[in-house]
Amino acid sequence: MIMKKICYTIDGRLCIVHPVAKANIEKLLGPMTDDEYRAHIYEKSIPLNAENVTEIDDADIPQTRTFRDAWELKS
Amino acid sequence: MSQGFTSQLPVPLPTAQGGTGLTSTTAYAVLCGGTTSTGNLQSIAGVGTSGQVLTSNGSGALPTFQNAPAGVSAATQAEQEAGSLTTVYTSPGRQQYHPSACKYWMNLHGTDTFAINQSYNISSATDGGVGTYSYNITVAFSAATECIVVNAFSSSGDRNNITVGTTSWATGTGALSLRNQAGTLVDSDNTCVAGFGDQ
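Reading the values: the criteria
Residues numbered from 1 in each chain as written. Chains lettered and ligands numbered in written order. Predicted model: local features only at pLDDT ≥ 70, side-chain atom pairs only at ≥ 80, totals over all residues. Heavy atoms only, no water. Contact = heavy atoms within 4.5 Å. Buried area = accessible area lost by both parts, 1.4 Å probe. Salt bridge = Lys/Arg side-chain N within 4 Å of Asp/Glu carboxyl O. Polar contact = N/O pair within 3.5 Å; in protein donor to acceptor, adjacent residues only side chain to side chain. Helix = DSSP H or I, 4+ residues; strand = E, 2+ residues; numbered from the N terminus. Nonpolar A, V, L, I, M, F, W, Y, C, P; charged D, E, K, R; others polar. Pairing = 2+ DSSP bridges. Axes fitted to C-alpha atoms, helices over the stretch in contact; angles between N-to-C directions.

## Focus: the interface of chain A and chain B
Listed per partner, the contact involves 22 residues of chain A and 25 residues of chain B. Interface area for chain A against chain B, summed over the two sides, is near 1,800 Å², with a carbon-plus-sulfur share of 48%. One salt bridge in this structure joins Arg-68 of chain A and Asp-127 of chain B, with 2.9 Å as the shortest N-O distance. The interface formed by chain A and chain B includes 15 residue pairs in polar contact (both at pLDDT 80 or more). Elements with a contribution of two residues or more to the side of chain A that touches chain B: strand 2 (13–19), helix 1 (22–29) and helix 2 (34–45) of chain A. The biggest single contributor to the side of chain A that touches chain B is strand 2 of chain A, with seven residues. Classifying every residue of the side of chain A that touches chain B gives twelve nonpolar, five polar and five charged.

See the structure below:
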């Protein structure tokens, strides 16, 4: 299992978290449920002052990074 | 008048006539070669107990059943971190605790579709914009004094000769900044990062 990408904004900048597969983490931490996996990813990856935290599909991410710094999160 | 046969062979059959010279052997005992005084076969003393192993007592003595020697144990995390013992073995689940071992690594693709190509001990990587990447370590370091090794490669345009710097690091996270020769933030086809230290 691999969870969706997670978007958030911080200081006006859009960040996109790319989690690794659950199996990769289980190699080090042992078996975990899907909920524990999600909680681990959120705890590790989302800063406390992050805003607009949203999960998105891969298809929602532009295929070219030409204007990467201009990306915005649509509601 | 009845006819019959009577045996002329001695019992037990002597070794000189191809026999063992034995009338019986100990049940379940191991038979070994004999000596001049014991004939051509002899039983070892005792049958041992469950779990014992047959052990040589040298070329001039019968082997005996003895307790198996204790096996070599796996090194603990502390023993791995000390890195000095030579009487324990390194197991796959703890080898990474040795001071010389890499604690995490990642190969990150930063152009086109941002993605983690391969990684170890990484929970996630964050695309923070052009040339602005960070990553989160699954099993963190015990102190933020780790050694971080980074490298970036791109094959074209203004992304040649990228300089990678660590903009911040903590026990469980790290952040990278990638710039070209003009000092402009750029993405890299492959960004590699590895960390060494105490967990």
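## Here we look at the sheet that holds strand 9 (residues 147–153) of chain B
Residues and elements named next belong to chain B. Taken in spatial order, the four strands make up an open sheet running 6-5-12-9, and their pairing is antiparallel. With one partner strand each, in any of the chains shown, strand 6 (115–120) and strand 9 form the two edges of the open sheet. Between one strand and the next, the sheet's axes are offset by a mean angle of 10°, whatever the strand orientation. The pairing of strand 9 with strand 12 (residues 190–196) spans seven bridges and is antiparallel. Bridge pairing in strand 12 links Ile-148 to Gly-195.

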